[in-house]
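Here are the chains, one letter per residue:
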Amino acid sequence: WHVLTVLTADEIIRGGMSVIALPYTSPACLGRLAHRLGARVVRYGSCPNGDAEREARRLSSQMPVLRDGSFAAVRILALLADNTLASLCSSLPSFCFAQDSFGAEQMCIPPDGSAIGKPDGEGYRLDFGRRGRVRVVPEGGAYRLYADAVNEEYASELLELSRERLRGLMHGPSNNGDRPT
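First, a word on scope: everything that follows refers to the structure included in this document.

Rules of the game
- Residues numbered from 1 in each chain as written.
- Predicted model: local features only at pLDDT ≥ 70, side-chain atom pairs only at ≥ 80, totals over all residues.
- Heavy atoms only, no water.
- Helix = DSSP H or I, 4+ residues; strand = E, 2+ residues; numbered from the N terminus.
- Buried < 20%, exposed > 50% of the residue type's maximum accessible area, 1.4 Å probe, protein only.
- 1 Å grid on protein atoms, 1.4 Å probe; cavity = no way out; pocket = protein on both sides within 12 Å on 5 of 7 lines; lining within 4 Å.
- Points joined across faces, edges and corners; volume = space filled by probe spheres on them.
- Nonpolar A, V, L, I, M, F, W, Y, C, P; charged D, E, K, R; others polar.
- Phe/Tyr/Trp six-rings, centres within 6.5 Å; stacked < 30°, edge-to-face > 60°.
- Patch = residues over 30% accessible without salt bridge, like charges linked within 9 Å, V, L, I, M, F, W, Y side chains within 5 Å.
- Areas by Shrake-Rupley, 256 points an atom, 1.4 Å probe, with all protein chains shown as cover.
- Salt bridge = Lys/Arg side-chain N within 4 Å of Asp/Glu carboxyl O.
- Expected span 1.5 Å × (residues − 1).
- Arc of directions from axis to C-beta.
- Core = buried A, V, L, I, M, F, W, Y, C linked by side-chain atoms within 4.5 Å.
- Contact = heavy atoms within 4.5 Å.
- Axes fitted to C-alpha atoms, helices over the stretch in contact; angles between N-to-C directions.
- Parallel < 35°, antiparallel > 145°, perpendicular 65-115°, else oblique.

**Brief notes about the overall build of the chain**
Argument step 1. If you tally the helices and strands in the chain, you get 6 helices and 7 strands.
Argument step 2. Of the regular secondary structure in the chain, the N- to C-terminal order runs α-β-α-β-α-α-α-β-β-β-β-β-α.
Argument step 3. When each of the 181 residues of the chain is scored for burial, the buried share is 43%.

**Points about the side chain of E53**
Argument step 1. Mapped onto the elements, E53 comes out in the loop between β2 (40-44) and α3 (54-61).
Argument step 2. Overall, the relative accessible area of 9% leaves E53 in the buried class.

**A short note on the layout of surface pockets**
Over the atoms, a rolled probe matching the size of one water molecule traces out where space is still vacant.
Argument step 1. Of the pockets and cavities examined, the largest pocket occupies roughly 210 Å³.
Argument step 2. Ranked by residue count, the leading element in the lining of the largest pocket is helix α1 (residues 2-13), at 4 residues.
Argument step 3. Per-class residue counts for the lining of the largest pocket are 9 nonpolar, 1 polar and 2 charged.

**Quick word on the packing of aromatic side chains**
Argument step 1. Applying the stated criterion across every chain yields a total of 1 aromatic pair.
Argument step 2. Ring geometry for F97 versus Y146: centroids 6.1 Å apart, planes at 20°, classification stacked. Of this pair, F97 sits in strand β3 (residues 96-103) while Y146 sits in strand β7 (residues 142-149), and the two are 49 residues apart along the sequence. Take F97 and Y146: they sit in the same class, and that class is buried.

**Here we look at a nonpolar patch on the surface**
Argument step 1. Together, V3, L77, L80 and L85 make up an exposed nonpolar region whose accessible area comes to about 310 Å².
Argument step 2. In this fold, L80 is placed in helix α4 (residues 69-80).
Argument step 3. Judged by relative accessible area, which is 31%, L80 ranks as partly exposed.

**A look at α4**
Argument step 1. For α4, with 12 residues, the first-to-last C-alpha span of 16 Å sits near the 16 Å given by 1.5 Å per residue.
Argument step 2. Burial in α4 covers these residues: A72, I76 and L79. Down the axis of α4, the smallest arc covering the buried residues is 55°, so these residues share one side. Every exposed residue of α4 that faces more than 90 degrees away from the buried side is listed here: S70, V74 and L77.

**Description of the nonpolar core**
Argument step 1. Counting residues in hydrophobic clusters, the biggest one holds 26 residues, and the most contacted among them are L7, I20 and L66.
Argument step 2. Of all elements in the fold, only α1, β1 (19-23), α2 (28-36), β2, α3 and α4 reach the threshold of two or more residues within this core.
Argument step 3. Considering each element in turn, this core owes the most residues, 5 residues, to α1.
Argument step 4. Those residues within four positions of I20 in sequence are excluded, and the remaining contacts are T8, E11, I12, A39, R40, V41, V42, M63 and L66.
Argument step 5. Grouped together as the second largest cluster of nonpolar side chains are 19 residues, A104, V134, Y143 and L145 included.

**With respect to the packing of α1 against α4**
Argument step 1. Packing of α1 against α4 leaves a shortest axis separation of 11 Å and a crossing angle of 75°. Accordingly, the angle class assigned to the pair α1 and α4 is roughly perpendicular. On α4, the residues that touch V3, V6, L7, D10 and E11 of α1 are A72, R75, I76 and L79.
Argument step 2. Of the residues in the contact of α1 with α4, the class split is 6 nonpolar, no polar and 3 charged.

As structure tokens, this is what we get:
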């Protein structure tokens, strides 16, 4: 994600992009950096959902550097002709992006998902103030957890707090099938 962050900044600064298309699963740091550099961010999901993401998908198709590994590799090599990767990354804000999954077979969730968190793109968002956030995205019989924090320690902590919250939504013999309040 640090390389993608460098490339996002390059697209805005050298490429003159005033709007950047990013996937919902990308770190919040990318959006904050884009805003700080004067660009607007539009987001898209992994599966098209009607016309709601039309602008983001159109823009994404015009920015292969931000979504295709081959294009990204060529651009990063061009940037490395004049810089080191360490120097490019040193100008970025500190962040850590980590992911995990949580089995959801026995979860007891209201249809609106409000017990999980705030609706956010393809899933839900759990905000933990200045420490960061976790996106909870349904995927088959499980949930993908994406922690976006200022450092690795907070990211691990936020993933564990999120797993605890999801465990609280479980029903079955361990908690007598009671639903969370």
